[in-house]
Amino acid sequence: NQEIVAHTLDCDYLLTSSLTSVMTYCIGEKYQKKVGVVFLSMLLTPTSEFSHSILGSINIYWLNRFTYKLNGLIWLSLKKTITEFRASLGLPYKNMLDYYFGSNMLTIYPVSKYLFQQPKDWSSNTHITGFLSLSTDVRVNHALEKIPVGLEEWLSRGDKPIYIGFGSIPIPDPEKMMGILAEILQRTSHRIVFCSGWSIIPNLPKHPNLFVASHVNHEWLLPQCKVGVIHGGIGTTASVIKAKIPAVVVSVLADQPYNGKMIEKNNIGVHIPFSKISTNRLLEAIEKTQNGELAQNARELGEKINSEDGVNESLDLIETYFSR
């Protein structure tokens, strides 16, 4: 923690992301530095226009704002650590979530305006900007962006594959998921690219129609697939939509059920909670995404979202806020 403090002392302003946000608010308070935050996951700012993301698609106008009391659970999980950190800075106890929501500091939610309409009752410094996407030439030299050996050749040998990947969410029941994967390979001619991500998979099936990678560049791979089977984190959801292909969201926790229902609401895919996943349900969902309507909707929504410029809009907001 003190290492983070040391790195901020020579900075004029502080811009933080979700994981370090509360600690950064404390540092800004102590050293009188202006703070802004970019939330890369769910929308946390209270509004009457929709409910907290954890509650999914519930939308009752008079109840919506009350649902954001759920943010108090975040504070309860951080309270001890942050109180000790504040004490190390010579600061008294303070509920930092209450402080943040009353501060009107710059808050950027880099999600698409075609998916989330900015509420009219948000404060003046809270904004939806569009997804943040780096150009390929910026990303190409990163180790995790390298194309796995043999994948290009494998892709060229047959039809467009299904992409399956749960990213940074470890698969809750790897044995169950691998059984489903093996059944799909045995029962169908589907080709599958499976990205293990942060999951530890002891019994991966072996099959010529299966290519396994530990990581992959979504921007490069997904446009070459026919559907993305994903956990529904907002970053991966964005990648699938921007690739202009349908999605099957197999949600596990947090905002993933909300994002899965959002996919269904936009008629570009199917949502299945992981607890209800089975071979038949997944195959039915994949089949449904291949009908003309969902595929066409996915192409059209992808075109719209690709026209947004979340990076430059966010930069403009940051420069304006910190220059005041």
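Parameters at a glance
Residues numbered from 1 in each chain as written. Predicted model: local features only at pLDDT ≥ 70, side-chain atom pairs only at ≥ 80, totals over all residues. Heavy atoms only, no water. Helix = DSSP H or I, 4+ residues; strand = E, 2+ residues; numbered from the N terminus. Rg over C-alpha atoms; globule rule 2.2 N^0.38 Å. Buried < 20%, exposed > 50% of the residue type's maximum accessible area, 1.4 Å probe, protein only. Polar contact = N/O pair within 3.5 Å; in protein donor to acceptor, adjacent residues only side chain to side chain. Contact = heavy atoms within 4.5 Å. Pairing = 2+ DSSP bridges. Axes fitted to C-alpha atoms, helices over the stretch in contact; angles between N-to-C directions. Phe/Tyr/Trp six-rings, centres within 6.5 Å; stacked < 30°, edge-to-face > 60°. Lys NZ or Arg CZ within 6 Å of the ring centre and 35° of its normal. Parallel < 35°, antiparallel > 145°, perpendicular 65-115°, else oblique. Left-handed = near helix turned anticlockwise from the far one by under 90°. Nonpolar A, V, L, I, M, F, W, Y, C, P; charged D, E, K, R; others polar. Right-handed = clockwise from strand over helix to strand, strands pointing away.

## Some details on the overall build of the protein chain
1) Next: Tallying secondary structure elements over the protein chain gives 14 helices and 10 strands in all.
2) Next: For a compact globule of 324 residues, the expected C-alpha radius of gyration is about 20 Å, and the protein chain comes in at 21 Å, within 12% of that figure.
3) Next: On the principal axes, the C-alpha backbone points of the protein chain span a range of 65 × 45 × 35 Å.
4) Next: Every one of the 324 residues in the protein chain was classed for burial, and the buried ones make up 48%.

## A closer look at the side chain of Thr126
1) Next: As for its position among the elements, Thr126 is in strand 4 (residues 126–128).
2) Next: Side-chain polar atoms of Thr126 contact the side chain of Ser123, separated by 3.1 Å.
3) Next: Ignoring anything within four residues of it in the chain, the contact list for Thr126 reads Thr45, Thr107, Tyr109 and Gln118.

## A closer look at the sheet that holds strand 4
1) Next: Taken in spatial order, the 4 strands of this open sheet run 1-2-3-4, and their pairing is parallel. Both outer strands of the open sheet, strand 1 (13–17) and strand 4, are each paired with one neighbouring strand and no more. With strand direction ignored, the average angle separating the axes of adjacent strands in the sheet is 20°.

## Digging into the sheet that holds strand 8 (residues 227–230)
1) Next: Across the sheet, 6 strands lie side by side as 7-6-5-8-9-10; this open sheet has parallel pairing. Sheet topology places strand 7 (210–213) and strand 10 (269–273) at the edges, where each strand pairs with a single neighbour. Each strand axis lies, on average, 15° off the axis of its neighbour in the sheet, ignoring direction.
2) Next: Of the pairings in the sheet, the one linking strand 5 (residues 162–165) to strand 6 (residues 192–195) comprises 4 bridges and is parallel in character. Note that in strand 6 the partner of Ile164 across the bridge is Phe194.
3) Next: Contacts from helix 8 (residues 174–187) reach strand 5, strand 6 and strand 7 within the one sheet, and its direction differs from that of strand 6 by about 165°.

## Quick word on the packing of aromatic side chains
1) Next: One pass over the full model with this rule turns up 11 aromatic pairs.
2) Next: On the numbers, 5.2 Å between centres and 5° between planes, the contact of Tyr25 with Tyr100 is stacked. With a gap of 75 residues between them, Tyr25 in helix 2 (residues 21–31) and Tyr100 in helix 5 (residues 96–101) connect regions that are remote in the sequence.
3) Next: Among the residues examined, Tyr100 registers a relative accessible area of 5% and is labelled buried.
4) Next: The aromatic ring of Trp154 is capped on one face by Arg191, whose charged end is 3.9 Å from the ring centroid.

## Quick look at the packing of helix 8 against helix 12 (residues 279–289)
1) Next: Running from N to C, helix 8 and helix 12 point in directions that differ by 60°, and their axes come no closer than 9 Å. Viewed along their axes, helix 8 and helix 12 adopt a mutual orientation that is oblique. Considering the relative orientation of helix 8 and helix 12, their crossing is right-handed. For the pair helix 8 and helix 12, the contacting residues are Met177, Ile180, Glu183, Ile184 and Arg187 in the first and Thr279, Asn280, Leu282 and Leu283 in the second.
2) Next: Partitioning the contact of helix 8 with helix 12 into residue classes produces 5 nonpolar, 2 polar and 2 charged.

## Some words on the pairing of strand 9 (residues 247–251)
1) Next: Counting buried residues along strand 9, 5 of its 5 residues qualify, which places the element largely inside the surrounding structure.
2) Next: Every second residue of strand 9 is oriented toward a common face, with Ala247, Val249 and Ser251 on one face and Val248 and Val250 on the other, all of them buried.
3) Next: Across 3 bridges, strand 8 lies against strand 9 in parallel orientation. Looking at the pairing, Gly228 lines up with Ala247 of strand 9.
4) Next: Taking the sense of rotation as the criterion, the β-α-β connection linking strand 8, helix 10 (residues 234–242) and strand 9 turns out right-handed.
5) Next: In this structure, strand 9 lies alongside strand 10, joined through 5 bridges in parallel fashion. Pairing of Val249 across the sheet is with His271, part of strand 10.

## A look at the side chain of Thr107
1) Next: As for its placement among the helices and strands, Thr107 is situated in strand 3 (residues 106–109).
2) Next: The contacts of Thr107, once residues within four sequence positions are left out, are Val37, Phe39, Thr45, Tyr100, Asn125, Thr126 and His127.

## Some details on unusual backbone geometry
Keep in mind that most residues, glycine aside, have a negative phi and that most peptide bonds are trans.
1) Next: Positive phi, close to 55°, is recorded for Gln32, a residue that is not glycine.
2) Next: If you trace the backbone, Gln32 turns up in the loop between helix 2 and strand 2 (34–38).
3) Next: Taking relative accessible area as the criterion, Gln32 reaches 74% and is therefore assigned exposed.
4) Next: The backbone of Asn267 sits at a positive phi, close to 55°, despite the residue not being glycine.
5) Next: Structurally, Asn267 can be placed in the loop between helix 11 (256–265) and strand 10.

Spatial relationships are all this shows, so hold off on functional conclusions.
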